Amino acid sequence: MNQDTWSRVDHYFCDALLPDDPVLTAALADSDAAGLPSHHVAPNQGQLLHLFARMQGAKKILEIGTLAGYSTIWLARALPEGGQVVSLEANPRNAEVARINIERAGLSHLVDVRVGRAIDTLPLLADEGLAPFDLVFIDADKPSNPQYLDWSLKLARKGTVIIGDNVVRNGEVANPHSEDANVQGVRRFFELMAANPRLRATAIQTVGSKGYDGFSLAIVEG
Ligand code: SAM
């Protein structure tokens, strides 16, 4: 098996299951045109996030790492009227592209994109009384994953779902000697999840159009 096969099968899944979506296609085109990296989730992964949010009955969603708002749109579309996605983005240029994409999707009334380092904006969410969130999607700088887990728990309730993206790091997540700060951040994130009696968690490896990767999934039990 190789990347060609994984991409071919992902395209088959997307063609079979996901209707053409001009708004999402335009979001990716605008992201490319603005020179943003293609670090957004794949369409079938976006649909997975959407389904998780629906299964969870999420009304309040926290996303850490907006980029061009692609995953944000998938998540916001899962909300009932009156719901909210708060999405945190450090790069003002990314946030501006995201805002335009979210507006085109007709979702501006449901999405609040906050510009700034998430470690600085997360405490404000607590102060503003926006918690608890029903679902948290962690998809930003991996060295900060341990702090993002800590904040997710502070902003959670019993039953909150916490998803962490890109946790495989080309397999290096299983290397205790890695000196890569991203790997170390993800490994510490796993250690903290494992040690926390409030959490029940798993992680799944994936292949697809985005290569070899994986995500973690946890629920707050208490
Ligand atoms: N969730 C997006 C999607 O799937 O469409 C992709 C997010 S991309 C993987 C990671 C994003 O996190 C980038 O836009 C990056 O600028 C942002 N980021 C990196 N460090 C950050 C930080 N300290 N605080 C907030 N956002 C950060």
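Here goes a summary of the coordinates provided. Since this is a predicted model, take the numbers as computed values, not measurements. (Residues numbered from 1 in each chain as written. Predicted model: local features only at pLDDT ≥ 70, side-chain atom pairs only at ≥ 80, totals over all residues. Heavy atoms only, no water.)

**A word on the side chain of Lys142**
In this structure, Lys142 sits in the loop between strand S4 (135-138) and helix H7 (145-154). A relative accessible area of 5% means that Lys142 is categorised as buried. Separated by 3.1 Å, the side chain of Lys142 and the backbone oxygen of Ala140 make a polar contact. For Lys142, the contacting residues outside a window of four places in its chain are Asp165, Asn166, Arg169, Asn182, Gly185 and Val186. (Helix = DSSP H or I, 4+ residues; strand = E, 2+ residues; numbered from the N terminus. Buried < 20%, exposed > 50% of the residue type's maximum accessible area, 1.4 Å probe, protein only. Polar contact = N/O pair within 3.5 Å; in protein donor to acceptor, adjacent residues only side chain to side chain. Contact = heavy atoms within 4.5 Å.)

**A closer look at the pairing of strand S7 (residues 211-220)**
For S7, a buried count of seven out of ten residues is recorded, marking the element as mostly surrounded by other parts of the structure. Bridge count between strand S5 (residues 161-165) and S7: five bridges; the pairing is antiparallel. Its bridge partner being in S7, Gly164 is matched across the sheet by Ser216. Bridge count for strand S6 (residues 199-208) against S7 is ten bridges, and the pairing is antiparallel. Each residue of the ladder has a partner; that of Arg200, found in S7, is Ile219. Remark: two residues form the turn of the hairpin made by S6 and S7, two consecutive strands paired antiparallel. (Pairing = 2+ DSSP bridges.)

**What about helix H3 (residues 43-56)?**
Over its 14 residues, H3 runs 20 Å from end to end, which matches the ideal 20 Å to within 8%, given 1.5 Å per residue. In this structure, the buried residues of H3 make contact with strand S1 (60-64), helix H4 (70-76), S4, S5 and S7. Looking one or two places after H3, you find Gly57, whose phi comes out positive at around 60°. (Expected span 1.5 Å × (residues − 1).)

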